[in-house]
Every structure is written in structure tokens, then in C-alpha cells.
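Here's the letter readout for the chains.
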Amino acid sequence: MKIIEVKNLTKMYRKFKAVDGISFDVEEGEMFAFLGENGAGKSTTINMLTTILEKTEGEAYICGHALGKEDDEIRKVNGIVFQNSVLDKMLSVKDNLLTRGSYYGLSRKEVEKSLEPFSERFEMKDIWNRRYDKLSGGQRRRVDIMRALINNPKILFLDEPTTGLDPKSRKLVWDYIDFLRKEHGMTIFLTTHYMEETRDADHVVILDKGRIVSSGTPAELKSRYAHSKLIWYTPRSEKAEELAKQISETCVYDVDHYNISTDKNVTEFVFEHRDQITDYEYIKGSMDDVFLNLTGKELAS
Amino acid sequence: MKDFMGFTRRNLLIYFKDKLAILFSLLTSIIVFVLYLLFLKGTFVEAMKGTMRGLENIVNSGDIDMFVNGILLSGILGSALITVPYTCLQTIVKDREAGVDSDICATPLKRWKIILSYFTSSSICSFIMTSLILTVGLVVLSFMGDIHLGIASLLSAYGLMLLGSVSSTALFMLILLFFKSTATSTAFFGILSAAAGFVIGAYIPLSQFSDGVRSFCNIFPASHITSLIRKILLSGIAEKIDSSIGGLDNGAFIEAIKDTFSFNASAFGSNFSGFQSVIYVSIFALVCIAGMVIAYNRTYKRR
């Protein structure tokens, strides 16, 4: 079942098109990733889908509710984790979450009840009464995610949730996202400029200058736009070049190795010529290659 | 209603949990108090004595002290009525700058409730703080002598704190619309807190200024409220002084004192009566509220 349907969504700032007529669907329970560099229009799209920004043109339906017409209904089913922390630094975690809950008309008991299924996993007990600005970066992100869960959302929007976090905290954030997705069947809508974060997504959309340049599962995108590479370390010779070209015509010699671009399964070939191919590396096509091939730009890894 | 109450509670917590913000919001009042201890009291007492030549032996010096202490209290309250609501309302600019407004706008909280909540919380903060100062001030004064204040006057004083809080908040809601960053709003606060003491006549009575300056100062509701609160706090003690003079000067001394210390706000050569000041401040607040509703509906990005 489609939980988000977007048709020709456009956002203009005077004459500048931040988002340029994008269309896509998100299935219920899937992890949907928006990949693009800064300024590609990822956050603007999220801000429109969460009713923070008004759309200029196009249509969007969130859980069947029309964007621009049934915004209050949309706000009730959305949860958002923003790029930057937006909770009040001087207030405790408890005060932050209880006040945010009240914006949805929830009482203290209702907030506690709605957070109960996540509290243990998110280790909230330890930090419940601590001031938000006294928490570590990872702990703050944990609270930010909890804040997004206050209203028991059907869709969790995460706008570059791991930017600025250390590797350990990034891993923890991903553990929480996996938990929400797998244990609670939540639909995850993610924007990121980290390639590896799209690896586990069910569907990836690549955005460049406000336009969708491609979309599909990570495997589909890689098979379409990324090629695996066999690097064969050997002195240059006619015989070696002949053999390399048997794998692929796209073959270049570089200093001390042949760089062979191929989508074939090379295991058998290498095994057959194991007497000649003794020193080699095999690198599978990555999302970095997909992005590079589609936009001509490299992203952060 | 829970959403409105919750957001108002959040805004109140932001102010009251930040001890430094509370201190800075009362900085002008503290400066008025310190200057009073250093030299203002002496200056005011001298000014009064200058007016009562020939009556020095009749008027009790304790009454003069009580009178001047009342002027101090009105000055502290008047400046707090400017600086406290402004500090509270800076939350609007901070929220905009930090992206907190996006978080709020993504919830079902209606736009009019967001605006009304900022307004309400700032009015409440200001009312709590000024009422607290008024209460503490009156308790201290009552230990020093008879404050000659009836229940009706007392209630009027608290009522004025409410009116002053609401009107100042309405004015600053409009002014803060122009600030996009906390750096500029804080810079403006610096100017405002320096000017506040002069505008309400805490350092130098407004009667000492030219009519043009006096008229300008009395545009601001806090100046009217200061005059009104001064009138309430000092009328009792002024009557006592007048009765101790026993009509020897045909009430000239008290009339001179009321003029010198601006018991009535004045603009363009005419004095406002107490009632006229209340009406002026109320209309001023209503106009600002109307302007606030129009301006915020146009500028606040949320539907």
C-alpha cells in the first residue's frame, strides 16, 4: 500500500526552483532514501511533506491525506527528526518531551504511554531528568528520535540524522532506525548524503539540483550505473592485455596493474587463469559509483 | 486547549529556567536600584527640600524618605515592564534562528495559538516578575514605615502591572518581527535597557525634560504605567505630608511635588488624567495586538 504519493511536487523561491516537479511513491513499511548533495532539495522536499513549507505546485498524499488541504491530519501521522537539534537546551528531556507531546493534545500520561514501547530500547530512564544541553551528541540524537515518536507516527522522516555524529553514535542511530523499522513496521523516509546509509534502503531516489535523476533499489541502481572492477597486478605485456580484454574491452593499464571494468562474475575466469592471475583485487560497484555516474559529483562517504 | 497550554508552559519554562536571562531582564531595574543607593535618593530628597523651603521643620523627614523610596519602586517597576517582556519575547527570534519553529509548525498546533501563546507567556512572565517586585518592594517599605495604601489601591497597583505587561508585550511582539537573528535583537536590547530608565523617568523625572522629549517618552505605555503606579504608591504619603503642613501653603508644596515627579503623564503641553492614561494604554495595546495579528499572519510561514 502506498503511504506517500507525490506528483510533480515543486517548490520555488522567487525564480529559483529548489524542487523541480518530482514524483515518487513510498510503500508502507519500507525504508525510502533520498540521496543528494547539499542543496539538492532533500530537506525542502521533507519540509513540504511535513507541512512546514508550502508547496508551489504539484500534489502529494500522505496516508491518503492531501497536502495543502488536510495538513492537520498529515501532521498527526508524521514524525520528524531534523538535521539540527530543535529541542530546548535549557529544559530537561522530560520537559522537552512532555511539552512537545502537548502540541499534539497529549497529556503527560498519554505521552508516557506512547513512548513506553521505545523507552527501554532508547535507554531513556538514565537521561529522563537531565538537561538537554548536558547530553552527549549521541544522547541528544536519541532524544530527538524519541521526540519524533511522541505522536506514534506512521511515517518517520529523518533529515540527515547522522550528520555531525561520531562513528559510534552513528551506528547507534542506525540501530534505533532498524529497530523502529523491523520491530514496529514504521515507514522510514530518510535523506542523506552518506552513500553507505542507503545500502539497506528498499528504495533510493537520487536528487540533483531539485530533480530526480534516478530511482530504484540499491541493487537496481548499482546494476544500472555502477560497474565492478577487477584490478590485476602484473607487468604490461601483449599477452596480459589479450587476457584482460577477454574479461572486458574496458581495460586500462595504470602504473602496475590493469583496471578492468566489468559486470561479469569473474571468479570462474580468475580460477581458470590462476597460473597467470596471481595478484588481484575485485571491487564491487558501489552507490558512490552510481552517484558519480549520474551526477558527475562525488558525495561524502 | 492542551496544545496552547503546553506551548505557553514551554515558553514560561524557557524564561524561568534561564537564571542568566532573568538577571539580564532585570538589569535596568537593578541599575536603577544601585544608582538610587549611590546618589539618586540624595538628589530626589534635595529636589524635594528645595521645593519645601520654610516647611522643613513641619514635614517629617521620614515621610520624605518614604516618598522617595516610593519613587524608586515605581522606577524599578517601570523599567522591568520594558525589559522583562522583551527578554521573554526574544524566544520568538531564538526559535526562528534555531529552527525550533519548524518543529512547532510540524505539529497540529494552530498558527493563531502559536502567536497567542508567545503573547500570553510573555505577559504572564512580565506580570509575575513585576508583581513579585511590587510585593517585595511593598513589604520592604512597610517595614520602613506606613505606606498608606488601601486594599483598592493595592489591587489597582497589581492591575496596572497586568495592563503594563500586556501593553509592553504587544508593542515588543511587533518590534521583534523585524529581527531575524538573536545578535540583532540582543543589540537592540542593549539600547532598550539603557534607554528604559530615562524613558520612564526613573533616573531623571520626565518633568525635567522639554515638552517634545516628554511627549516622545509618553508614547510608550510603560511611561504611563510608571506615572500611574507612582500616583498610587505616593498619594497616601503625599496626603500625609500635606496634612502635616496643615494648609499653610494652600497645597502648593504637594502640587509642586506631583508635577516634579510626574504623577500624571503629559504630552504636547497637557496632562493625562489617570483614567485617560489607562484608556491610552489600553487602546495602544489593542492597536498593537491588531497589528501583531496582521503582521504575524503575513510573515509566519506556516499555514
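What counts as what
Residues numbered from 1 in each chain as written. Chains lettered and ligands numbered in written order. Predicted model: local features only at pLDDT ≥ 70, side-chain atom pairs only at ≥ 80, totals over all residues. pLDDT = per-residue confidence, 0-100. Pairing = 2+ DSSP bridges. Helix = DSSP H or I, 4+ residues; strand = E, 2+ residues; numbered from the N terminus. Axes fitted to C-alpha atoms, helices over the stretch in contact; angles between N-to-C directions. Contact = placed C-beta atoms within 7 Å. Nonpolar A, V, L, I, M, F, W, Y, C, P; charged D, E, K, R; others polar. Buried ≥ 20, exposed ≤ 12 C-beta atoms within 10 Å, placed from the backbone. Core = buried A, V, L, I, M, F, W, Y, C linked by C-beta atoms within 7 Å. Left-handed = near helix turned anticlockwise from the far one by under 90°.

K.L.:
Mind showing me how you'd approach the confidence of the model for chain B here?
P.N.:
Any region with low pLDDT has predicted coordinates that should not be read closely. On average, residues of chain B carry a pLDDT of 86, and 98% of them reach 70 or more. With a pTM of 0.83, the predicted complex shows an ipTM of 0.78.

K.L.:
Looking at this model, I keep getting lost on the sheet that holds strand 11 (residues 228-233) of chain A. Mind explaining?
P.N.:
Think of a sheet as strands paired side by side through backbone hydrogen bonds, with each pair either parallel or antiparallel. Residues and elements named next belong to chain A. The strand order across the open sheet built from four strands is 12-13-11-14, with neighbouring strands paired in antiparallel fashion. Every interior strand has two partners, whereas the edge strands, strand 12 (251-254) and strand 14 (280-283), have only one. The sheet shows a mean angle of 20° between the axes of neighbouring strands, direction not considered. Bridge count for strand 11 against strand 14 is four bridges, and the pairing is antiparallel. Bridge pairing in strand 14 links tryptophan 232 to tyrosine 280. This element, helix 8 (residues 238-247), spans strand 11, strand 12 and strand 13 (257-262) of the sheet and lies at about 15° to strand 13.

K.L.:
Can you help me understand the interface of chain B and chain A in this one?
P.N.:
By a widely used convention, the size of an interface equals the accessible area lost when the partners come together. Contact with chain B, which involves 23 residues of that partner, is made by 23 residues of chain A. Among the elements that take part in the side of chain B that touches chain A, helix 1 (residues 2-16) of chain B stands out by supplying nine residues, more than any other. Partitioning the side of chain B that touches chain A into residue classes produces eleven nonpolar, four polar and eight charged.

K.L.:
Please clarify how the environment of B:Asn57 should be interpreted in this entry.
P.N.:
If you trace the backbone, B:Asn57 turns up in the loop between helix 3 (27-51) and helix 4 (61-98). Look at B:Asn57 and you get exposed, because 5 C-beta atoms sit within 10 Å.

K.L.:
Would you explain helix 3 (residues 93-103) of chain A in this entry?
P.N.:
Helical periodicity: at 3.6 residues per turn, an α-helix aligns residues three or four positions apart in one direction. When you tally the buried positions in helix 3 of chain A, you get ten out of eleven residues, the bulk of the element. Looking at helix 3 of chain A, one finds that the buried residues are A:Val93, A:Asp95, A:Asn96, A:Leu97, A:Leu98, A:Thr99, A:Arg100, A:Gly101, A:Ser102 and A:Tyr103. Packing partners of the buried residues in helix 3 of chain A comprise helix 4 (108-119) and helix 5 (137-149) of chain A together with helix 1 and helix 5 (100-105) of chain B. Looking one or two places after helix 3 of chain A, you find A:Gly105, whose phi comes out positive at around 80°.

K.L.:
Explanation requested: the pairing of strand 13 of chain A in the structure shown.
P.N.:
A regular strand carries its side chains on alternate faces of the sheet. Residue and element names in this part refer to chain A. As paired elements, strand 11 and strand 13 share six bridges and run antiparallel to each other. What sits directly across from serine 228, in strand 13, is threonine 262. Across four bridges, strand 12 lies against strand 13 in antiparallel orientation. Bridge assignment links aspartate 254 to a residue of strand 13, and that residue is histidine 257. In sequence, strand 12 turns back onto strand 13 through a hairpin of two residues, with valine 255 there showing a positive phi of about 60°.

K.L.:
When you look at helix 1 (residues 42-49) of chain A in this model, what are you seeing that I'm missing?
P.N.:
Residue and element names in this part refer to chain A. In terms of residue burial, helix 1 counts as a mostly covered element, since eight of its eight residues are buried. Where helix 1 is concerned, the buried positions are Lys42, Ser43, Thr44, Thr45, Ile46, Asn47, Met48 and Leu49. Among the residues trailing helix 1, threonine 51 stands out with phi positive, at a value near 70°.

K.L.:
Please explain the nonpolar core as it appears in this structure.
P.N.:
Generally speaking, soluble globular proteins have nonpolar side chains that are buried together. A:Ile188, A:Leu190 and B:Phe67 are the most contacted members of the largest nonpolar core, which totals 148 residues. The greatest single-element share of this core, amounting to 17 residues, is contributed by helix 4 of chain B. When sequence neighbours within four positions are dropped, the list of residues in contact with A:Leu190 reads A:Met31, A:Phe32, A:Ala33, A:Phe34, A:Leu158 and A:Ala201. The next biggest cluster of nonpolar side chains, apart from the first, holds seven residues, and it includes A:Trp232, A:Ala244, A:Ile247 and A:Ile260.

K.L.:
Help me out: how do you make sense of the packing of helix 3 of chain B against helix 11 (residues 252-260) of chain B in this one?
P.N.:
Think of two packed helices as two axes; the pair is described by the angle between the axes and how far apart they sit. Residues and elements named next belong to chain B. Where helix 3 meets helix 11, the closest approach of the two axes is 10 Å, and the angle between their N-to-C directions is 145°. Between helix 3 and helix 11 the crossing geometry is right-handed. Across the interface between the two elements, Ala47, Met48 and Thr51 from helix 3 touch Phe253, Ala256, Ile257 and Thr260 from helix 11. When the residues that make up the contact of helix 3 with helix 11 are grouped by side-chain class, the tally is five nonpolar, two polar and no charged.

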